[in-house]
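Residues per chain, in single letters:
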Amino acid sequence: MMASARNGTLYLGVTSDLPVRTCQHRNGLVDGFSKEHGCKLLVWYEAYDDLDAARLRELQMKKWKRAWKIELIEQHNPQWKDLYETLF
């Protein structure tokens, strides 16, 4: 999940290459919602071996209330730190 800032705009998506995709978002290389709203901080992620399982989880989470997403972020990343560097 990408965010514009703590408690800011959230973007949720699936990718098969999280470091590359995160770098694209951070540098504004991906047109669309995340670029328009400045979602450049990687604040939460889950890893899956099965892409279909990841897509199912994404669809489920997109139906979640915003408060639930914020609660999930704060359980695992209470300071809303950018997790990009933890990918390496």
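Colleague: Would you mind going over the pattern of salt bridges with me for this structure?
Modeller: When the charged atoms of two side chains lie near each other, side chains of opposite charge can form a pair. A full pass over the atoms with the stated rule returns six salt bridges. Between arginine 57 and glutamate 46 there is a salt bridge whose closest N-O contact spans 3.0 Å. Taken as a pair, arginine 57 in helix H3 (residues 51-62) and glutamate 46 in the loop between strand S3 (41-42) and H3 lie far apart in primary sequence, 11 residues in all. Overall, glutamate 46 belongs to the partly exposed group, its relative accessible area being 33%. Residue glutamate 58 is joined to lysine 62 by a salt bridge in which the shortest nitrogen-to-oxygen separation is 3.1 Å. Of this pair, glutamate 58 and lysine 62 both sit in helix H3, four residues apart, which is roughly one turn of that helix. Lysine 62 sits in the partly exposed class, given a relative accessible area of 47%.

How each quantity is defined
- Residues numbered from 1 in each chain as written.
- Predicted model: local features only at pLDDT ≥ 70, side-chain atom pairs only at ≥ 80, totals over all residues.
- Heavy atoms only, no water.
- Salt bridge = Lys/Arg side-chain N within 4 Å of Asp/Glu carboxyl O.
- Helix = DSSP H or I, 4+ residues; strand = E, 2+ residues; numbered from the N terminus.
- Buried < 20%, exposed > 50% of the residue type's maximum accessible area, 1.4 Å probe, protein only.

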